[in-house]
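Chain and residue survey
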Amino acid sequence: MNKITIIGSGFAGLTAVRTLRKNDKHTQITLISPKAEFVYMPSLIWIPSGIANKKDIVIPLNSFFKRMNIRHISGKVIGLENRARTVITSVGEYENDALIIASGGRFIKKLSGIEHAITPCDGVSAVEQIRDRIQVMDSGNIAIGFAANPNELSAIRGGPMFEFLFGLDTQLRREGRRDKFNLTFFTPTEKPGARLGEKAVISLLSEMKKRNIKTHLGHKIKSFEINKVITEGGEFIADLILFMPGMTGNHWFDSTELERSKGGLLKADKFCQVKGAENIFVVGDSGSFPGPDWMPKQAHMADLQAVAAAKNVLAVLDDKPTSHTFKIELMCIVDSNNKGMYISRTLKGGLMLPSCRLMHYAKQIFGWRYLRQYR
């Protein structure tokens, strides 16, 4: 019986599980991740205001793994051996005939003083820290921004920062405290949200102006201090700093011979197969894929890649060539706690719908329906 190993229990890893089981009921599947749980990252934006809490976002996976007949290993991956046929973990070694790497990315935290900034996508504890800090602040300056990996321009996750920005503005207005706070949005690019399309950039900047949010754009970030953001274009006071750095590959990639991109991700072809490697596939934030410079690092894209990779794994194990590719598509709702702006983009064009309450509820409903399959 063939043995397939999946590293990671995020969007890509779990979609790979569902796709494999849909097409093969009997293959032995082992999934390795630190915990048997799934963190629904898109809903992190609602924790500071209380719309969502940890129970809404962190889903135990034991029942799902049992239904799917998956062996879960709770451990951290350390490296690969025997041309990746052996996965070395903190709790033992595990053999495979094919491997899907869905272990996500790692935020680049090299800037001096970055310990003074909170990275929201670090998880629930990070956004709970934001919630708690906001609750005890009577007034002050809040800075929210993001940056990219200069060697891997696609390794960026800026979308959530727009949501935290607009969401905090909405929250403070609801609480009758907005006039006591200054909000500043900062990023090295002059056109924040450019990968969403030119119309989106105009709309986002217009929304910031309408909400009286200051901007500090187009200046490389030099460092952070406990109450300050310092860039090549100047510095400004910040009592609370939310910052999303660019992403790179996991530390354990260094203990493998897998080919890497300049930005530190695993180089993949259009079939999600790691270049120069046999029966090794990568999906989601771990990989560097061929495509346009606007191709996103987001859950939807990871799901599309995972479906293709899983089907290709079954093909190669059946001595067939890889043939399944993934659709390149950006799709998101930029939420602001009471409204949402829908944006989509493909190789054929794009669509943007103005912010409205319907999209806010649509995002909540989608999340609820998505998580039903894992509860």
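Going by the annotation in an unreviewed UniProt entry, the name recorded for the protein is Sulfide-quinone reductase, with Vesicomyosocius okutanii subsp. Calyptogena okutanii given as the source organism.

**Section: the overall build of the protein**
Each helix and strand counted, the protein has eight helices and 24 strands in total. Relative to the globule expectation of 21 Å for 375 residues, the C-alpha radius of gyration of the protein, 21 Å, shows essentially globular dimensions. Seen along its three principal axes, the alpha-carbon backbone of the protein occupies a region of about 65 × 45 × 40 Å. Put simply, the protein has 375 residues, and 56% of those count as buried. Residue pairs in contact within the protein that sit at least 24 positions apart in sequence constitute 66% of those at least 6 positions apart. Here the protein holds 52 positive side-chain charges and 36 negative ones, and the gap between their average locations is 6 Å.

**Describing helix H1 (residues 11-23)**
Over its 13 residues, H1 extends 19 Å from the first C-alpha to the last, a length consistent with the 18 Å expected when each residue adds 1.5 Å. Within the span of H1, buried status applies to Phe-11, Ala-12, Gly-13, Leu-14, Thr-15, Ala-16, Val-17, Thr-19, Leu-20 and Arg-21.

**Regarding the layout of surface pockets**
By volume, the second largest pocket is sized at about 300 Å³. In terms of lining residues, the second largest pocket is bounded by 16 residues, among which Arg-83, Ala-84, Glu-257, Leu-258 and Ile-280 are the most central. Broken down by class, the residue content of the lining of the second largest pocket amounts to five nonpolar, four polar and seven charged.

**Focus on the UniProt feature "domain: FAD/NAD(P)-binding" (unreviewed entry) in the protein**
Taking the numbering used here, the UniProt-annotated feature "domain: FAD/NAD(P)-binding" (unreviewed entry) corresponds to residues 3-301. In residues 3-301, helix accounts for 23% and strand for 29%; the two terminal C-alpha atoms are 26 Å from one another.

**Considerations on the nonpolar core**
Note that soluble globular proteins tend to have their nonpolar side chains buried in a common cluster. Grouped together as the largest cluster of nonpolar side chains are 107 residues, with contacts concentrated most on Phe-38, Ile-101, Ile-142 and Leu-242. When residues of this core are assigned to their parent elements, the largest contribution, 10 residues, is made by helix H7 (residues 299-317). Both domains that furnish three or more residues to this core are identified here as domain 1 (3-105 + 249-318) and domain 2 (110-246). Among residues more than four places away in sequence, those in contact with Ile-101 are Ile-7, Trp-252, Phe-253, Leu-258, Leu-266, Ile-280, Phe-281, Val-282, Val-283 and Ser-286.

**Re the environment of Ala-268**
Inspection of the secondary structure puts Ala-268 in the loop between strand E19 (266-267) and strand E20 (280-282). Once the C-alpha coordinates of Ala-268 and Leu-111 are considered, the two residues, 157 residues apart in sequence, prove to be 29 Å apart. Ignoring any residue separated from it by four or fewer positions in sequence, one finds Ala-268 in contact with Gln-273, Val-274, Lys-275, Val-282, Ser-288, Phe-289 and Pro-290.

**Focus on the domain arrangement of the protein**
What the domain assignment lists for the protein is domain 1 (3-105 + 249-318) and domain 2 (110-246). For domain 1 versus domain 2, the separation of C-alpha centres amounts to 29 Å. Together, the buried faces of domain 1 and domain 2 total about 1,700 Å²; carbon and sulfur atoms form 62% of this surface. Considering only the side of domain 1, the residues that lose the most area to domain 2 are Ile-45, Pro-48 and Lys-297, jointly responsible for 32% of the buried surface there. Our count for the contact surface shared by domain 1 and domain 2 stands at one salt bridge.

**With respect to the pattern of salt bridges**
Within this structure, the stated rule accounts for 17 salt bridges. In this structure, Asp-169 and Arg-178 form a salt bridge, with 2.5 Å as the shortest nitrogen-oxygen distance. Grouping residues by exposure puts Asp-169 and Arg-178 together as buried. Note that Asp-318 and Lys-320 form a salt bridge whose closest N and O atoms lie 3.3 Å from each other. Beyond isolated ion pairs, a larger network of salt bridges with shared partners links Asp-169, Arg-173, Arg-178, Glu-207, Lys-210 and Arg-211.

**Thoughts on helix H8 (residues 357-372)**
Between its terminal C-alpha atoms H8 stretches 23 Å, which fits the 22 Å expected from 16 residues at 1.5 Å a residue. Within H8 the residues assigned to the buried category are Met-359, His-360, Lys-363, Gly-367, Tyr-370 and Leu-371. The arc enclosing the buried residues of H8, seen along the axis, measures out at 110°, which places them on a common side. The exposed residues of H8 that point more than 90 degrees off its buried face are Leu-358, Trp-368, Arg-369 and Arg-372.

**Overview of the sheet that holds strand E1 (residues 3-7)**
As summarised here, the arrangement of the five strands in space is E5-E2-E1-E9-E20, forming an open sheet in which the pairing is parallel. Two strands in the sheet have a free side with no partner beyond their single neighbour: strand E5 (70-74) and E20. Between one strand axis and the next, the sheet turns by 20° as a mean value, whatever way the strands run. Strand direction decides the pairing type here: E1 and strand E9 (residues 98-101), joined by four bridges, are parallel. Each residue of the ladder has a partner; that of Thr-5, found in E9, is Leu-99.

Here is what the cut-offs are and how they apply
Residues numbered from 1 in each chain as written. Predicted model: local features only at pLDDT ≥ 70, side-chain atom pairs only at ≥ 80, totals over all residues. Heavy atoms only, no water. Helix = DSSP H or I, 4+ residues; strand = E, 2+ residues; numbered from the N terminus. Rg over C-alpha atoms; globule rule 2.2 N^0.38 Å. Buried < 20%, exposed > 50% of the residue type's maximum accessible area, 1.4 Å probe, protein only. Contact = heavy atoms within 4.5 Å. Lys, Arg positive; Asp, Glu negative; His and termini not counted. Charge placed at Lys NZ, Arg CZ, Asp CG, Glu CD. Expected span 1.5 Å × (residues − 1). 1 Å grid on protein atoms, 1.4 Å probe; cavity = no way out; pocket = protein on both sides within 12 Å on 5 of 7 lines; lining within 4 Å. Points joined across faces, edges and corners; volume = space filled by probe spheres on them. Nonpolar A, V, L, I, M, F, W, Y, C, P; charged D, E, K, R; others polar. UniProt positions renumbered as here; feature names shortened; annotations may be inferred. Core = buried A, V, L, I, M, F, W, Y, C linked by side-chain atoms within 4.5 Å. Domains from an automatic or database assignment. Buried area = accessible area lost by both parts, 1.4 Å probe. Salt bridge = Lys/Arg side-chain N within 4 Å of Asp/Glu carboxyl O. Arc of directions from axis to C-beta. Pairing = 2+ DSSP bridges. Axes fitted to C-alpha atoms, helices over the stretch in contact; angles between N-to-C directions.

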